Amino acid sequence: MKTQNTNRIASILLWFLPLIAILASVPDRAFAQPETLTIAAANSLRDALRKLLPAFESQHPELAVRIVYGPSQSLRKQIEEGAPVDVFLPSLSEEIDQLANKGLIIDGTKRIYAGTSLVLITGPVLPAPARSIEDLHSIPVRRIAVGDPKTSSVGKVAAQFLKFSKLDPKLKSQYVYGEHSRAVLDLVAKGEAEIGVVYRTDAVTDSHVRILDTAPAESHSPIHYGVAIVWTARNITAAGDFIQFLLSSGTQEELKKYGFDQAGDKVGLLRRQEVQP
């Protein structure tokens, strides 16, 4: 009986020893939980990132990417207060500069990866009688949707354009403010405003609005989309990988479909004198 038990134990061991050897050879990372990469991104980037992120995640299966969307200025303030963010993607690179001035950006990580333009839009519910920026000087409009300069980057740029174009005194009483770019799009799409002022990146993929005209580049500060690793970053290596992904040729080509200009196309604009609001 004892011999039979011994043989049985030996047989079991013969089955389990190879399994133990296999498990011992598997790297520890195979059992590790995915590392989290947290990105704070402007609302105007939502459509583009929905398309782009699966490609980045397939290249980095060890990462779990978490996106927090919001108005650029609000996200910046959250980062200043210590929000756990690795990468900051505002819709205006000046927001990164404000963090950098306070020492809240990892040195050497800021990059300009794209640009865009400012456009006039209208919608089908309450189409604008005006067809161009020039028309706004002579054709009356009841309401014009703009971003709130206190909460949104697009609002700051729109204010510069309206002042430069000498439209601000004439139209100021007709302004309807949206907290961010998406809110401006909704106001126009729902007929609560005849005209809106947004980034091209906001309007290109929205089937409920159409572009009427483009603001002259000299009428506002250059619209540069920047990226940087912030002071609260916990995964600096992955954050750097994401920045390189944004700058890659494949990503740059994809961004064009969403109203972005390639980063290289905007170098000349850096030399223009910025228009103060």
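On a predicted model such as this, the values are computed, not experimentally measured, just so you know.

Cut-offs used in this document
Residues numbered from 1 in each chain as written. Predicted model: local features only at pLDDT ≥ 70, side-chain atom pairs only at ≥ 80, totals over all residues. Heavy atoms only, no water. Core = buried A, V, L, I, M, F, W, Y, C linked by side-chain atoms within 4.5 Å. Buried < 20%, exposed > 50% of the residue type's maximum accessible area, 1.4 Å probe, protein only. Helix = DSSP H or I, 4+ residues; strand = E, 2+ residues; numbered from the N terminus. Contact = heavy atoms within 4.5 Å. Axes fitted to C-alpha atoms, helices over the stretch in contact; angles between N-to-C directions. Parallel < 35°, antiparallel > 145°, perpendicular 65-115°, else oblique. Left-handed = near helix turned anticlockwise from the far one by under 90°. Nonpolar A, V, L, I, M, F, W, Y, C, P; charged D, E, K, R; others polar. Pairing = 2+ DSSP bridges.

### Side note on the nonpolar core
Consideration 1: By size, the foremost hydrophobic cluster in this structure holds 53 residues, and its most contacted members are Leu45, Leu89, Tyr113, Leu118, Phe161, Ile195 and Phe242.
Consideration 2: Take this core: its biggest share by element is six residues, from helix α9 (residues 236-247).
Consideration 3: Excluding residues that lie within four positions of it along the chain, Phe242 makes contacts with Leu37, Ile39, Leu49, Leu53, Phe56, Val87 and Leu89.

### Quick word on the packing of helix α2 (residues 46-59) against α9
Consideration 1: Here α2 crosses α9 at 125 degrees, and the two axes come no closer than 11 Å. Of the possible angle classes, the one that applies to α2 and α9 is oblique. The two elements α2 and α9 cross, and the hand of that crossing is right-handed. Here α2 contributes Leu49, Leu52, Leu53, Ala55, Phe56 and Gln59 to the contact with α9, which in turn contributes Ala238, Asp241, Phe242 and Phe245.
Consideration 2: The residue inventory of the contact of α2 with α9, partitioned by class, reads eight nonpolar, one polar and one charged.

### A short note on helix α7 (residues 181-189)
Consideration 1: With respect to burial, α7 is a largely interior element, seven of its nine residues being buried.
Consideration 2: If you check which residues of α7 are buried, you get Ser181, Ala183, Val184, Leu185, Leu187, Val188 and Ala189.
Consideration 3: Residues of α7 that are buried sit in contact with β5 (118-122), β6 (144-147), α5 (153-164), β7 (175-178), β8 (195-199) and α8 (200-203).
Consideration 4: Trailing α7 by a residue or two, Gly191 shows a phi angle of about 80 degrees, which is positive.

### Quick look at the environment of Arg76
Consideration 1: One can find Arg76 in helix α3 (residues 72-80).
Consideration 2: Using a relative accessible area of 7% as the deciding quantity, one classes Arg76 as buried.
Consideration 3: Residues Arg76 and Leu89, spaced 13 residues apart in sequence, show a C-alpha to C-alpha distance of 9.6 Å.
Consideration 4: Non-local contacts of Arg76, meaning those with residues more than four positions away in its chain, are made with Phe88, Glu95, Gln98 and Leu99.

### Some details on the sheet that holds β7
Consideration 1: Within the open sheet, the five strands sit side by side as β7-β6-β8-β5-β9. Their pairing is mixed. Sheet topology places β7 and β9 (210-214) at the edges, where each strand pairs with a single neighbour. Between one strand and the next, the sheet's axes are offset by a mean angle of 35 degrees, whatever the strand orientation.
Consideration 2: Both β5 and β9 contribute to a ladder of four bridges, which runs antiparallel. Pairing of Val119 across the sheet is with Thr214, part of β9.
Consideration 3: With respect to the sheet, α5 is in contact with β5, β6, β7 and β8, its orientation differing from that of β8 by roughly 115 degrees.
Consideration 4: Strands in contact with α7 are β5, β6, β7 and β8; relative to β8, the strand with the most contacts, it is inclined by about 150 degrees.

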